[in-house]
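# Residue-level structural notes
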Amino acid sequence: MASLSGLCSSFPSLKPNNRIGGELSPVRKDSLAVSTRSNSSFKHSVAREVSADLSKTNDVAGLKQAKQGGLEKDPKALWRRYVDWLYQHKELGLYLDVSRIGFSDEFVSEMEPRFQAAFKAMEELERGAIANPDEGRMVGHYWLRNAKLAPNPFLQVQIDKTLAAVCDFADAVISGKIKPPSPEGRFTQILSVGIGGSALGPQFVAEALAPDNPPLKIRFIDNTDPAGIDHQIAQLGPELASTLVIVISKSGGTPETRNGLLEVQKAFREAGLDFSKQGVAITQENSLLDNTARIEGWVARFPMFDWVGGRTSEMSAGVDIREMLVGASMMDEATRSTVLRKNPAALLALCWYWATDGIGSKDMVVLPYKDSLLLFSRYLQQLVMESLGKEFDLDGNRVNQGISVYGNKGSTDQHAYIQQLREGVHNFFVTFIEVLRDRPPGHDWELEPGVTCGDYLFGMLQGTRSALYANDRESITVTVQEVTPRSVGALIALYERAVGIYASLVNINAYHQPGVEAGKKAAGEVLALQKRVLAVLNEASHFSLPSSSLIQRLDDLQMQFSHFNAHCEDPAESLTLQEIADRCHAPDDIEMIYKIIEHMAANDRALIAEGDCGSPYSLKVFLGECNVDELYA
Ligand SMILES: O=P(O)(O)OC[C@H]1O[C@](O)(CO)[C@@H](O)[C@@H]1O
């Protein structure tokens, strides 16, 4: 990562800005740690604890000084700034207005070397460099929309073949050539099971692009909440028989997705349906999910590549993507420019750096003024925060980087939290997403002379933008003509590239997610502790559970475990939390044990003999009726 490590040493001192005054403090190179990173990924190196005082490494003090002059308010000067900085992608009909972000000309010119380094890093990334050093991976989501860019013919063929296979499969499902075993003879529903980037992308695109009456309606199981899963399956009802279940998981082993699959397969069994005749897997080849789908003979399997991160997998196998790919590819071409003013992604990164001082000091509020783009902010939450929210930079400095993202849609949010944005704590900048076309041609209607609903929406956006700026609240506006697969593909590509460029500016790896792994590991430890709690409660029940072979015989004899349990002679011994913790040899985990008991008691799986959950010390519990599998899982 020569170009990136060179980034820090090349960082220039920022000079005073004549319009908004104040010396921008130069970065102090000595404040940067010299990484002891080995050639392999960062995680194997011993990252030196560095008190990276961001006010020195990211010239934060300087930026803050530079901002003391406040924002330009003269209308004529603002109009000149608007025109001067306006970015237009003619063919896409996309505009980017950065005039309401107050960066100075000096700031821009001083950042130029860092942008050139970022452009070079991006060029190397697209040529197949190991741009994800922590996982030793290439980063190839750009190749998905232009296979010729892939670093070797094998990958190019794989990408083209997968795209063709996905499109052919989708056509065959829609035409009825591929159909369920049910009498209806066609698939009428899609149930997508996946989480994170394996859900947010498809959800965003489905919400943005699904026609009013699509050939197949799509719904999502994107979590392990039993009630949420039950709700989706209940809503399908008898149409489960004509539902194509698409299970998406790049790793093929994400617990929430696996749980969703098992629950859906249970629903198929209970409905007397053969899941394999209606299941599709989208996952890395030879993953647990891929092998399951292969062994069980599911309808289809499509590959996800290890060089495509979950949050940038939107362009892989999925919804009708040819037009999306065209839009993304056109935007990719534009965001390869090494001229800052001609590169919309670089302009976004410049704005983000200025507005958040290069350390995420302000949140990114995303306000699409279009219902169909409701989920864009949720999609960006993962793309931006899972990419930029990192503890260490590429040189081993502890930087705790990131930019927080939230938002829903305008003008709805004007009746929710815009009050705080206008007058409250100034800890954000806004990104407006403007869609110029209100309705398909010929469908417009004036609800009062000369005024349509769309005029109101337009007025609300412009009014909010002006009102915020009048109170020194900065904003960016991205404008598209209408919401189409091409414009959605372009928006996704714009932000994917902006995140990558910004990551270079702040010297972090945008393509791994170590923090999420920590959470997954901790969740595994809770479940392991729960099993120990169950075993302890079971032992205290004065009877030993039958061996698994006897359970099998009990099942064969149509005896239910709970029936067996109800006929125990001795009542179960109830235990205090402390006794449970001691018998689990986990005295330090007594609080987690309390939470486990509280959750199990709420689901009738542990019974409270004495006390109640409001007074943990009073609690005495014993084993309730439970699914034998649970004890033997
Ligand atoms: O697609 P997978 O491997 O199931 O992962 C789902 C999500 O979990 C993460 O790996 C971590 O949040 C995301 O990057 C990813 O989109």
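These figures come from a predicted structure and were not determined experimentally.

With parallel pairing, the five strands of this open sheet are ordered in space as β4-β3-β5-β6-β7. Looking at the sheet topology across the chains shown, the edges are occupied by β4 (217–221) and β7 (300–303). Taken over all neighbouring pairs, the strand axes of this sheet differ in orientation by 20° on average, direction set aside. Alignment of strand β6 (residues 279–283) against β7, held across four bridges, turns out to be parallel. Bridge assignment links Thr283 to a residue of β7, and that residue is Pro303. In the packing of helix α7 (residues 197–209) onto the sheet, contacts are made with β4 and β5 (243–249), and the angle to β4 comes to roughly 150°. Most of the contacts of helix α9 (residues 255–270) go to β5, to which it runs at about 160°, and overall it touches β3 (189–193), β4 and β5.

Bringing helix α4 (residues 75–85) into the picture now. For α4, the complete set of buried residues consists of Ala77, Leu78, Arg81 and Trp85. The arc that holds the buried residues of α4, viewed along the axis, is 100°, so those residues lie on one side. Along α4, the residues that are exposed and aim more than 90 degrees away from the buried face are Pro75, Lys76, Trp79 and Arg80. Buried positions along α4 lie against β1 (87–89), β2 (94–97), α5 (105–126), α12 (344–356) and α15 (453–470).

Buried together is how nonpolar side chains tend to be arranged in soluble globular proteins. If you look at the biggest cluster of nonpolar residues, it comprises 82 residues, and the most contacted ones within it are Phe103, Phe115, Phe204, Trp352, Phe376 and Tyr495. The element best represented in this core is helix α16 (residues 485–505), accounting for 13 residues. Mapping this core onto the domain boundaries places at least three of its residues in each of domain 1 (75–136 + 323–440 + 452–512) and domain 2 (179–298). Excluding residues that lie within four positions of it along the chain, Tyr495 makes contacts with Leu348, Trp352, Phe376, Leu380, Leu383, Thr431, Ile433 and Val478. Counting residues in each nonpolar core, the second largest holds 22 residues, with Leu575, Ile580, Ile596 and Met600 among its members.

Before going further, it helps to spend a moment on the site of the ligand. Taken together, 14 residues lie near the ligand, and Gly197, Ser198, Ser249, Thr254 and Glu386 sit nearest. Gly197 is positioned such that a nitrogen or oxygen atom in its backbone is 2.7 Å from an oxygen atom of the ligand. Between the ligand and the protein, one listed contact pairs an oxygen atom with a side-chain N or O atom of Ser198 at 2.6 Å. Considered on its own, the ligand offers 390 Å² of accessible surface; in the complex 90% of this is hidden by protein. Counting residues per element, the ones that place at least two in the shell around the ligand are α7 and α13 (376–388).

In this section: the environment of Val451. Within the secondary structure, Val451 sits in strand β12 (residues 451–452). Counting along the chain gives 178 residues from Val451 to Leu273, while the straight-line C-alpha distance between them is 54 Å. Contacts of Val451, omitting those with residues within four sequence positions, involve Trp445, Glu446 and Tyr456.

Counting across every chain of the model gives 18 aromatic pairs. An aromatic cluster is defined as three or more aromatic residues linked by ring pairs; in this entry it consists of Phe107, Phe204, Trp352, Tyr353, Trp354, Phe376, Tyr379, Tyr495 and Tyr502. We note Arg100 situated over the ring of Tyr469; from NZ or CZ to the ring centre the distance is 5.3 Å. When the ring centre of Tyr142 is taken as reference, the NZ or CZ atom of Arg497 above it lies at 4.0 Å.

Let us now look at the domain arrangement of the protein chain. Size of an interface, as often reported, equals the accessible area lost when the parts are brought together. In terms of domains, the protein chain is made up of domain 1 (75–136 + 323–440 + 452–512), domain 2 (179–298) and domain 3 (516–542 + 570–630). For domain 1 versus domain 3, the distance between C-alpha centres works out to 47 Å.

Before going further, it helps to spend a moment on the environment of Glu333. Note on placement: Glu333 falls in helix α11 (residues 322–334). C-alpha separation for the pair Glu333 and Thr243, spaced 90 residues apart in sequence, amounts to 38 Å.

Take the pattern of salt bridges next. Opposite charge on two side chains permits pairing when their charged atoms draw close. Per the stated rule, a full pass over the model turns up 24 salt bridges. For Arg137, the salt bridge identified is with Glu135, shortest N-O distance 3.3 Å. On the basis of relative accessibility, which here comes to 32%, the residue Glu135 falls in the partly exposed class. Its salt-bridge partner being Arg583, residue Glu573 comes within 3.2 Å of it at the nearest N-O pair. Here Glu573 is found in the loop between α19 (561–566) and β14 (575–576), whereas its partner Arg583 is found in helix α20 (residues 577–583), with 10 residues between them in sequence. By sharing partners, the salt bridges in this structure join Glu126, Glu333, Arg336 and Arg497 into a single network.

What counts and what doesn't
- Residues numbered from 1 in each chain as written.
- Predicted model: local features only at pLDDT ≥ 70, side-chain atom pairs only at ≥ 80, totals over all residues.
- Heavy atoms only, no water.
- Pairing = 2+ DSSP bridges.
- Helix = DSSP H or I, 4+ residues; strand = E, 2+ residues; numbered from the N terminus.
- Axes fitted to C-alpha atoms, helices over the stretch in contact; angles between N-to-C directions.
- Contact = heavy atoms within 4.5 Å.
- Buried < 20%, exposed > 50% of the residue type's maximum accessible area, 1.4 Å probe, protein only.
- Arc of directions from axis to C-beta.
- Core = buried A, V, L, I, M, F, W, Y, C linked by side-chain atoms within 4.5 Å.
- Domains from an automatic or database assignment.
- Near = heavy atom within 4 Å.
- Polar contact = N/O pair within 3.5 Å; in protein donor to acceptor, adjacent residues only side chain to side chain.
- Areas by Shrake-Rupley, 256 points an atom, 1.4 Å probe, with all protein chains shown as cover.
- Phe/Tyr/Trp six-rings, centres within 6.5 Å; stacked < 30°, edge-to-face > 60°.
- Lys NZ or Arg CZ within 6 Å of the ring centre and 35° of its normal.
- Salt bridge = Lys/Arg side-chain N within 4 Å of Asp/Glu carboxyl O.

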